[in-house]
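Spelled out from the first residue to the last, the chains are:
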Amino acid sequence: MDNLPLLTLGGTLLAGLLAVVGVHSYAAGRAQQKALVARMTRAGHVPAAGGRRRRFAGLDRRLRTTKPGRRIERKLAVTGLDVTPAEYVVYALATLLALYLTVAAVFAPFFGVLAALAGLWGADAFLNWQRQRRTEAFINQLPELTRVLANATQAGLALRTAIAMAADELDDPAGEELRKVADQLAVGHSLDDALGDLADRLPSRELVVLVTTLVLSNRAGGQVVSSLRNLTGTLDERKETRREVTTLLSQVKVTAFALPLLGLGFLLMINGMNPGALDKMTGSFVGQVGSVIAFALYTAGFVIIRRLSRVRF
């Protein structure tokens, strides 16, 4: 009984020591978890946890288990849009409903149905346009990217280190895409696979040439610096050529959008001169068939003009 105070003091000190060690281990584990989540988020393997609050979480979980949901998720991953598949689907459906109500009120209910169908196609076309827009922005940064990689490799840095350094120096979308490549390399992916994923996300001939140059240089060695220097000059010339071609074809692109707008203007003119004419026209089967044919012809004209003005570099 005389040693009871000493035993109590010793037990208290031991418990305090264990508590300090436990808190330190917990803090270290949380820091490692946050670092891993941040790395996997940048690599695109998990959705971003920070920032704004995600909506429709339950619908998003169920949607990701379906084939259309996974397709939407893959498309959203390459567009740079900060939305989940469920948010995209809900916003698209709300837009289609608003489009139907607006067109049905201005023209006729039958045209509202056609507008909703066109909006359904436009929702998918918007993702393709956003991906193309992001790809174009990345292509415009390729000369600067090759210049940074050439300088880094000339200074004696490894290609993996040069990619990580370029990710920190370049603006988005090149910086974000290179961070994904650097994070994939950090978790054990090979350089061929990481760069191949980059070429799949942003398909372009310029990027394929750059990826092929880096992969071959990494496999067989060789003068990677001189190859990157030559590629930088070539990419600068292609960038100027793309800019000139885009300027020359701007009038043709405006014509493609003006063609269907003229059709809508004619419908508004007819309905303004004779109120209710569109309701009478679409009230019969012949009128509906004629409206569908006219709608298809305007769509075909838009697509044909866009195809004729498309130039492959």
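Placed above this text is the structure.
Residues numbered from 1 in each chain as written. Predicted model: local features only at pLDDT ≥ 70, side-chain atom pairs only at ≥ 80, totals over all residues. Heavy atoms only, no water.

Chemist: Go over the nonpolar core with me, naming the residues and quoting the values.
Modeler: Here is a general trend for soluble globular proteins: nonpolar side chains tend to be buried in one another's company. Among the nonpolar cores identified, the biggest contains 33 residues, and F138, L145, L149, I163, L195, L207 and L210 are the most heavily contacted of them. Among the elements of the structure, α5 (109–154), α6 (159–169), α7 (174–186), α8 (191–201), α9 (205–220) and α10 (224–248) are those that each provide at least two residues to this core. No other element matches α5, which puts 7 residues into this core. Beyond its immediate sequence surroundings of up to four residues, L210 is in contact with L142, L145, T146, L228 and L231. Formed by 9 residues, the second largest nonpolar core is a distinct cluster that contains F107, F110, L114 and L278. (Core = buried A, V, L, I, M, F, W, Y, C linked by side-chain atoms within 4.5 Å. Buried < 20%, exposed > 50% of the residue type's maximum accessible area, 1.4 Å probe, protein only. Helix = DSSP H or I, 4+ residues; strand = E, 2+ residues; numbered from the N terminus. Contact = heavy atoms within 4.5 Å.)

Chemist: So what's going on with the packing of aromatic side chains? Residues and values would help.
Modeler: Enumeration over the complete set of coordinates arrives at 5 aromatic pairs. Between the aromatic rings of F107 and F111, the centroid separation amounts to 6.3 Å while the plane-to-plane angle is 55°, which identifies the pairing as tilted. By the burial criterion, F107 is buried, and F111 matches it. Look at F110 and F111: their rings are 6.3 Å apart centre to centre, the planes differ by 75°, and that puts the pair in the edge-to-face class. F111 matches F110 in its accessibility class, with the two residues each being buried. (Phe/Tyr/Trp six-rings, centres within 6.5 Å; stacked < 30°, edge-to-face > 60°.)

Chemist: Lay out the side chain of R201 with the relevant residues and their values.
Modeler: Here R201 lies in helix α8. Once you skip the residues sitting within four places of it in the chain, R201 turns out to touch V78, R131, E177, K180, V181 and Q184.

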